Amino acid sequence: MNQEYDVAVVGASGMIGEAMMSILEERNFPVRNIYPLGSERSAGTALEFHGETVRIGLLSEFDFSCVHYGLFSAGASISDVFARKAAEQDCTVIDNTSRFRYDPDVPLVIPEINGEVLSDKDRLIANPNCSTIQMLVALKPIYDAVGIDRINVCTYQSVSGAGRSAVNELADQSVALLSGRDAQVSVAPRQIAFNAIPHIDVFQENGYTKEEMKMVWETRKIFNDESIRVNPTTVRIPVFFGHSEAVHVETKEKITAAQARELLKSTEGVTVIDDPDDLEYPTAVTDAANRDDVFVGRIREDISHEFGLNMWVVSDNVRKGGALNSIQIAEYLINAEH
């Protein structure tokens, strides 16, 4: 009989938690028992899993020694307390917050890029930031083929990256403005409806935001390459789901757009949509939303740099950028057992 696993989902009432529950079901993850967990506010809420009703349990009272995997997505402060507790109880924790990403003793993993860093002894594993995940999935085959010296990236990130309250704020502001009323601002730092805000997370001393610095730190850690230079600007735009990125790389050796396109077409988890003659290119809404792949288009050589390459990268930030990558980490560990 194939082995089954007991799984806890921490933050089950949030958008990523809900996606985790759904993806576990869609991918037929070998779940024996599922334990959705949350705060007192969400405890008792009924959810459905494989046609059966399950109720959210109280995180503060849960015994993690009874589960194999704990999928955490309830905020860094929650993980700081309960992910540590779960790991100490021999539960393998896959944490989707920023709490452990920069800890040198905690692996930061995108399975299709650096899954080999995992071992069966790991009890704390960090899931990278959503914008980093989609960028590196697209860049990995190019990095392997010709090396990358520098990455310039501008992100155009959906409001779902800031949680359900930000999604509701965009909807409310849009309705208000189209009805001739003023937009009320409470979640984003400025009005987000019909706007673009170059400010995600807190500003750092160097003038970059923490969201931007995440892409620098995480790229170097995941590629295990401290020499790679990353220059990011992250922007919030009025899209509900799906992040978009304009990625410009300077490679160590020359690669043509045609060669890069062929590499990406043969990369698992990447879908290339790139035919300017037929106006084919991916967008977050029409291609990435509710899909698992990273979509790449507008692949072209940089006319200003001999070794430059440009591309447009989109992905569903809630699915691949959060829930799916966490579950793929667990799948990688399970496959490594057999």
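Structure's up top.
Heads up: these notes are all about the structure in this document. Values in this document were obtained by computation on a predicted structure and should not be read as measured data.

1. Examining the nonpolar core
Okay, so step 1: In this structure, F64, I151, V247, V296, I299 and M311 are the most contacted members of the largest nonpolar core, which totals 54 residues.
Okay, so step 2: For this core, the leading source of residues is helix 4 (residues 130-146), giving 9 residues.
Okay, so step 3: Sequence-distant contacts of V296, that is, excluding residues within four places in its chain, are made with A138, L264, V270, T271, V272, I273, P282, M311, W312 and V313.
Okay, so step 4: Counting residues in each nonpolar core, the second largest holds 31 residues, with A12, I23, I327 and I334 among its members.

2. Considerations on the sheet that holds strand 10 (residues 229-236)
Okay, so step 1: If you trace the 6 strands from one edge of the open sheet to the other, you get 10-9-11-14-13-12, paired in mixed fashion. Only two strands of the sheet have a single partner each, and these edge strands are strand 10 and strand 12 (270-272). This sheet shows a mean twist of 20° between the axes of neighbouring strands, independent of strand direction.
Okay, so step 2: Relative to strand 11 (residues 243-251), strand 9 (residues 148-157) runs antiparallel, the two being bridged by 8 bridges. Pairing of V153 across the sheet is with V247, part of strand 11.
Okay, so step 3: Helix 4 rests against strand 9, strand 11, strand 12, strand 13 (294-301) and strand 14 (308-315) of the sheet, and its axis sits at about 30° to strand 11.

3. A short note on the side chain of D6
Okay, so step 1: By the element assignment, D6 lies in strand 1 (residues 5-10).
Okay, so step 2: A polar contact is formed between the side chain of D6 and the side chain of R32, at a distance of 2.6 Å.
Okay, so step 3: Apart from residues no more than four positions distant in its own chain, D6 is found in contact with R32, N33, Y35, C66, V67, H68 and Y69.

4. A few points about the pattern of salt bridges
Okay, so step 1: On inspection of all chains with the given rule, the structure shows 18 salt bridges.
Okay, so step 2: A salt bridge links D6 to R32, with the nearest nitrogen and oxygen atoms 2.6 Å apart. Note that D6 is positioned in strand 1 and R32 in strand 2 (residues 31-38), a separation of 26 residues in sequence.
Okay, so step 3: By relative accessible area, R32 is classed as partly exposed at 47%.
Okay, so step 4: With a closest N to O distance of 2.9 Å, D90 and R123 form a salt bridge. Pair noted here: D90 is in the loop between helix 2 (76-88) and strand 7 (92-95) and R123 is in the loop between helix 3 (111-114) and strand 8 (124-126), with a separation of 33 residues, a long-range link.
Okay, so step 5: Each of E26, D292 and R319 takes part in one network of salt bridges that share partners.

5. Some details on unusual backbone geometry
Okay, so step 1: A positive phi angle is found at D90, which is not glycine, with a value near 70°.
Okay, so step 2: Although it is not a glycine, F194 sits at a positive phi angle of roughly 60°.
Okay, so step 3: Its place among the elements puts F194 in the loop between helix 5 (164-178) and helix 6 (210-223).

6. Section: the packing of helix 1 (residues 15-26) against helix 9 (residues 319-337)
Okay, so step 1: Put simply, helix 1 and helix 9 touch, their axes get as near as 9 Å, and they point 50° apart. Classified by the interaxial angle, the pair formed by helix 1 and helix 9 is oblique. The interaxial crossing formed by helix 1 with helix 9 has right-handed handedness. Note on element contacts: helix 9 touches helix 1 through R319, G322, A323, L324, S326 and I327, opposite I16, A19, M20, I23, L24 and E26.
Okay, so step 2: Of the residues contributing to the contact of helix 1 with helix 9, the split by class is 8 nonpolar, 2 polar and 2 charged.

7. Digging into the side chain of T97
Okay, so step 1: Position of T97 among the secondary structure elements: in the loop between strand 7 and helix 3.
Okay, so step 2: Assessed through its relative accessible area of 7%, T97 is described here as buried.
Okay, so step 3: Reaching out from T97, the side chain makes a polar contact with the backbone nitrogen of R99 at a distance of 3.2 Å.
Okay, so step 4: The residues touching T97, leaving out its near neighbours within four places in the chain, are A74, G75, A76, S79 and N127.

8. So, helix 5
Note that an α-helix has 3.6 residues per turn; residues three or four places apart therefore point the same way.
Okay, so step 1: Under the 1.5 Å per step criterion, the end-to-end length of helix 5 is 21 Å for 15 residues, consistent within 8% with the ideal 21 Å.
Okay, so step 2: For helix 5, the full list of buried residues reads A166, V167, E169, L170, Q173, S174 and A176.
Okay, so step 3: As for helix 5, its buried residues are in contact with helix 1.
Okay, so step 4: G180 occupies a position one or two residues after helix 5 and carries a positive phi of about 80°.

9. Thoughts on the state of the cysteines
Okay, so step 1: Evaluation of the coordinates by the stated rule reveals 0 disulfides.
Okay, so step 2: Just so you know, C91 is unpaired, no disulfide at all, and the nearest cysteine sulfur is the one on C66, 8.6 Å from it.
Okay, so step 3: Of all cysteine sulfurs in the structure, the one in C154 sits closest to C130, which takes part in no disulfide; the separation is 16 Å.

10. Observations regarding the environment of D103
Okay, so step 1: With respect to the element layout, D103 can be found in the loop between strand 7 and helix 3.
Okay, so step 2: Classification of D103 by relative accessible area gives partly exposed; the value is 26%.
Okay, so step 3: Sequence spacing of D103 and A126 is 23 residues, and the spatial spacing of their C-alpha atoms is 9.1 Å.
Okay, so step 4: Of the polar contacts made by the side chain of D103, one reaches the backbone nitrogen of D105; its length is 2.8 Å.

11. Structural notes on the sheet that holds strand 1
Okay, so step 1: Spatially, 5-2-1-6-7-8 is the arrangement adopted by the 6 strands of the open sheet, whose pairing is parallel. One side of each edge strand has no neighbouring strand; the edge strands of this open sheet are strand 5 (57-58) and strand 8.
Okay, so step 2: As defined by bridge partners, strand 7 adjoins strand 8 across 3 bridges and the pair is classed as parallel. From the neighbouring strand, V93 faces strand 8, where its bridge partner is L124.
Okay, so step 3: Sitting on the sheet, helix 9 is in contact with strand 1, strand 6 (69-72), strand 7 and strand 8, with an inclination near 160° to strand 6.

The rules behind these values
- Residues numbered from 1 in each chain as written.
- Predicted model: local features only at pLDDT ≥ 70, side-chain atom pairs only at ≥ 80, totals over all residues.
- Heavy atoms only, no water.
- Core = buried A, V, L, I, M, F, W, Y, C linked by side-chain atoms within 4.5 Å.
- Buried < 20%, exposed > 50% of the residue type's maximum accessible area, 1.4 Å probe, protein only.
- Helix = DSSP H or I, 4+ residues; strand = E, 2+ residues; numbered from the N terminus.
- Contact = heavy atoms within 4.5 Å.
- Pairing = 2+ DSSP bridges.
- Axes fitted to C-alpha atoms, helices over the stretch in contact; angles between N-to-C directions.
- Polar contact = N/O pair within 3.5 Å; in protein donor to acceptor, adjacent residues only side chain to side chain.
- Salt bridge = Lys/Arg side-chain N within 4 Å of Asp/Glu carboxyl O.
- Parallel < 35°, antiparallel > 145°, perpendicular 65-115°, else oblique.
- Left-handed = near helix turned anticlockwise from the far one by under 90°.
- Nonpolar A, V, L, I, M, F, W, Y, C, P; charged D, E, K, R; others polar.
- Expected span 1.5 Å × (residues − 1).
- Disulfide = S-S within 2.5 Å.

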